[in-house]
Amino acid sequence: MSLAGKRILLIVGGGIAAYKCLELIRRLRERGAAVRCILTKAGAEFVTPLSLSALSEDKVYQDLFDLTAEAEMGHIQLSRDADLLVVAPATADLMARMAGGQANDLASTTLLATDKPVMIAPAMNVRMWEHPATQRNLGQLLADGVLQVGPNEGNMACNEFGFGRMAEPDEILSAIEKHFDGHAATRPLDGLTALVTSGPTHEAIDPVRYIANRSSGKQGHAIAAALADLGAETVLVSGPSSEPDPTGVRLVRVESARDMLAACRAALPADIAVCAAAVADWRVDGAAGQKIKKRNGAPPALSFAENPDILKTMSRLRKDRPKLVVGFAAETEDLIENARAKRDRKGCDWIVANDVSPDTGTFGGDNNRVHLVTGDTVEDWPKMSKNEVADRLANRIAGHFADAAE
Ligand code: PMT
């Protein structure tokens, strides 16, 4: 995609990943974009103004109190004279200052003064990334409408492993193109297939009555839409839900857990499976063929049979096991401990733990506060909308596949 005529203000923060910005500038320029750089004081420890200036063929702005620069172009004009502001690397400190609305250097002042979209490419040590303070700041920035690309998982300069590596120049470029295009020329999950379960299941008692739960399908539907938006060919297997059909997704409607399992099997093979449905663990054994009548006040005796476990079945398939199986754990106590045990028991790769205690309003509500359990690591995500949870999960899945392809 051509970026001809687009003006990017690149704010280079202080992290080892700053060197990737040089390649990013080159790629942006190749596509016709004009790039102007702000280099923070810490950023200048990693790349020189000369390299940025040579590649962008423009002046590099560094100092809020530089009279000459202010006379040529004040920081307010700098912030308005761009179509998009890209912060890369977005360090923990820069993110914290952005989230707090601080304006104590040229970068933060420009970011506060802008009326243009802002994109961040976070980069930091994995512990710093996972720290609740950083996650809180990220949640605030996303809620403020800031766009995010990365970080990815991998080895870090500090010899640790995990999430915190800045997205590659190509990924940042795709995100910028997607922003301008509304739809990326190439999307990160293009060529992959996904299967998502959503909503409750209804387990018949007789032809007119059933056992159900409070799941609305909001979270699962949002995940299917987010995966499709990133390019995955997505099948959504949903129990009864009044949520609108997500666009770009093939929807298969089912009633019971057994129907859901059959529909999931029929949708295989898939590269990605996300089981967000609240599947009934039990069904009525031998549901009545006719409506059960009252019999002189004697209640009917119902006996139950265990339903198939769809997540476990998907995770333990010998043939056609999806490459990445993500489960959900709806818990009301000992959230992380129970989620970890559930992940091990069911054999899925990742599990998204969410507190569904009645006062959280998770079931049926618009927001969710989740913790992503991947192997030994647990990421605490701040409370956000179910759409944001879905976008973030879809991006994490895209990052996982990008890393696997490297
Ligand atoms: O639909 P919403 O109103 O938006 O609410 C979202 C949600 C709370 C339903 C969702 O975020 C969620 O947590 N979904 C999982 C609910 C659940 O059944 O959790 P669980 O801990 O009982 O099950 C663990 C995992 O096993 C889940 O991935 C579930 O889909 C799966 N499972 C469970 C039982 C079963 N028989 N088959 C399964 O596949």
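Since we're looking at a predicted model, the values are computed, not measured.

So, how was this worked out
Residues numbered from 1 in each chain as written. Predicted model: local features only at pLDDT ≥ 70, side-chain atom pairs only at ≥ 80, totals over all residues. Heavy atoms only, no water. Domains from an automatic or database assignment. Contact = heavy atoms within 4.5 Å. Buried area = accessible area lost by both parts, 1.4 Å probe. Salt bridge = Lys/Arg side-chain N within 4 Å of Asp/Glu carboxyl O. Polar contact = N/O pair within 3.5 Å; in protein donor to acceptor, adjacent residues only side chain to side chain. Helix = DSSP H or I, 4+ residues; strand = E, 2+ residues; numbered from the N terminus. Axes fitted to C-alpha atoms, helices over the stretch in contact; angles between N-to-C directions. Parallel < 35°, antiparallel > 145°, perpendicular 65-115°, else oblique. Left-handed = near helix turned anticlockwise from the far one by under 90°. Nonpolar A, V, L, I, M, F, W, Y, C, P; charged D, E, K, R; others polar. Buried < 20%, exposed > 50% of the residue type's maximum accessible area, 1.4 Å probe, protein only. Pairing = 2+ DSSP bridges. Right-handed = clockwise from strand over helix to strand, strands pointing away. Core = buried A, V, L, I, M, F, W, Y, C linked by side-chain atoms within 4.5 Å. Near = heavy atom within 4 Å. Patch = residues over 30% accessible without salt bridge, like charges linked within 9 Å, V, L, I, M, F, W, Y side chains within 5 Å. Areas by Shrake-Rupley, 256 points an atom, 1.4 Å probe, with all protein chains shown as cover.

When you look at the domain arrangement of the protein chain in this model, what are you seeing that I'm missing?
Interface extent is often summarised as the accessible area lost during association of the parts. Segmentation of the protein chain into domains returns domain 1 (7–185) and domain 2 (193–281 + 302–405). Contacts between domain 1 and domain 2 engage 13 residues on the former and 14 residues on the latter. Roughly 1,100 Å² of surface becomes buried between domain 1 and domain 2 when both sides are summed, with 47% attributable to carbon and sulfur atoms. On the domain 1 side of the interface with domain 2, the three residues burying the most area are Glu130, Gln135 and Phe163, jointly 39% of the side's total. If you look at where domain 1 meets domain 2, you find one salt bridge. Of the charged contacts, one joins lysine 178 and aspartate 229 as a salt bridge, the two residues approaching to 3.6 Å between their closest N and O atoms. Between the two partners, domain 1 and domain 2, sit two residue pairs in polar contact (both at pLDDT 80 or more). Listing elements by their share of the side of domain 1 that touches domain 2, those giving two or more residues are helix H7 (126–130), helix H8 (132–143), strand E7 (152–155) and helix H9 (169–181).

Just checking my understanding: could you explain the packing of helix H5 (residues 92–100) against H8 for this structure?
In a packed pair of helices, the relevant descriptors are the angle between the two axes and the axis-to-axis distance. With their axes 9 Å apart at the nearest point, H5 and H8 run at an angle of 50° to one another. Classified by the angle their axes make, H5 and H8 are oblique. As for how H5 packs across H8, the hand of that crossing is left-handed. Seen from H5, the contacting residues are Ala92, Met95, Ala96, Met98 and Ala99; seen from H8, they are Thr134, Asn137, Leu138, Gln140 and Leu141. A per-class count over the contact of H5 with H8 returns seven nonpolar, three polar and no charged.

Can you walk me through the pairing of strand E2 (residues 34–39) in this structure?
Look at any regular strand and the pattern is simple: side chains alternate between the two faces of the sheet. Most of E2 is tucked away, with five of its six residues classed as buried. Of the strand pairs in this sheet, strand E1 (residues 7–12) and E2 are connected by six bridges, and their pairing is parallel. Note on E2: the bridge partner recorded for leucine 9 is arginine 36. Crossover connection from E1 via helix H1 (residues 20–30) to parallel E2: handedness right-handed. Remark: the E2/helix H2 (residues 49–56)/strand E3 (residues 60–61) crossover connection has right-handed handedness.

Would you take a moment to explain the nonpolar core for this structure?
Across soluble globular proteins, nonpolar side chains show a tendency to be buried alongside one another. Counting 33 residues, the largest nonpolar core has Leu189, Ile223, Leu227, Ile272, Val274, Leu393 and Ile397 as its most contacted members. Elements that contribute at least two residues to this core include exactly strand E9 (193–198), helix H10 (218–229), strand E14 (272–275), strand E17 (324–331), strand E18 (350–355), strand E20 (370–374) and helix H14 (386–405). The leading source of residues in this core is H14, at seven residues. Those residues within four positions of isoleucine 223 in sequence are excluded, and the remaining contacts are Val196, Val274, Ala276, Phe328, Ala390 and Leu393. Grouped together as the second largest cluster of nonpolar side chains are 30 residues, Ile25, Val35, Met166 and Ile176 included.

Can you walk me through H5 in this structure?
Side chains that are three or four residues apart share a direction in an α-helix, a result of its 3.6 residues per turn. Where H5 is concerned, the buried positions are Ala92, Leu94, Met95, Arg97, Met98 and Ala99. Along its buried surface, H5 packs onto strand E4 (84–90), helix H6 (106–113), strand E5 (118–122), H7 and H8. Just past H5, the residue glycine 101 takes up positive phi, approximately 70°.

Which parts of the structure should I look at to understand the site of the ligand?
Near the ligand lie 29 residues; those nearest to it are Ser215, Ser216, Ala277, Lys342 and Gly364. With respect to the ligand, the side chain of serine 215 contributes an N or O atom lying 2.6 Å from an oxygen atom. A distance of 3.1 Å separates a nitrogen atom of the ligand from a polar atom in the backbone of isoleucine 310. Elements with a contribution of two residues or more to the shell around the ligand: H10, helix H12 (310–315), E17 and helix H13 (335–346). Top element by residues in the shell around the ligand is E17. It accounts for four residues. A breakdown of the residues in the shell around the ligand according to their chemical character gives 14 nonpolar, nine polar and six charged.

In this structure, what is going on with a nonpolar patch on the surface? I would like to understand it.
Residues Ile16, Tyr19 and Phe46 make up a contiguous nonpolar surface patch of about 340 Å² in total accessible area. Within the fold, phenylalanine 46 resides in the loop between E2 and H2. With a relative accessible area of 42%, phenylalanine 46 lands in the partly exposed category.

Looking at this structure, how should I read the environment of threonine 362?
Examined against the element boundaries, threonine 362 turns out to sit in the loop between E18 and strand E19 (367–368). Taking C-alpha positions, threonine 362 is 13 Å from alanine 277, a pair spaced 85 residues apart along the chain. Excluding anything up to four places from it in sequence, threonine 362 contacts Asn354, Asp355, Val356, Asn367, Asn368 and Lys386. There is a polar contact of 2.8 Å between the side chain of threonine 362 and the backbone oxygen of aspartate 355. Of the polar contacts made by the side chain of threonine 362, one reaches the side chain of threonine 360; its length is 3.0 Å.

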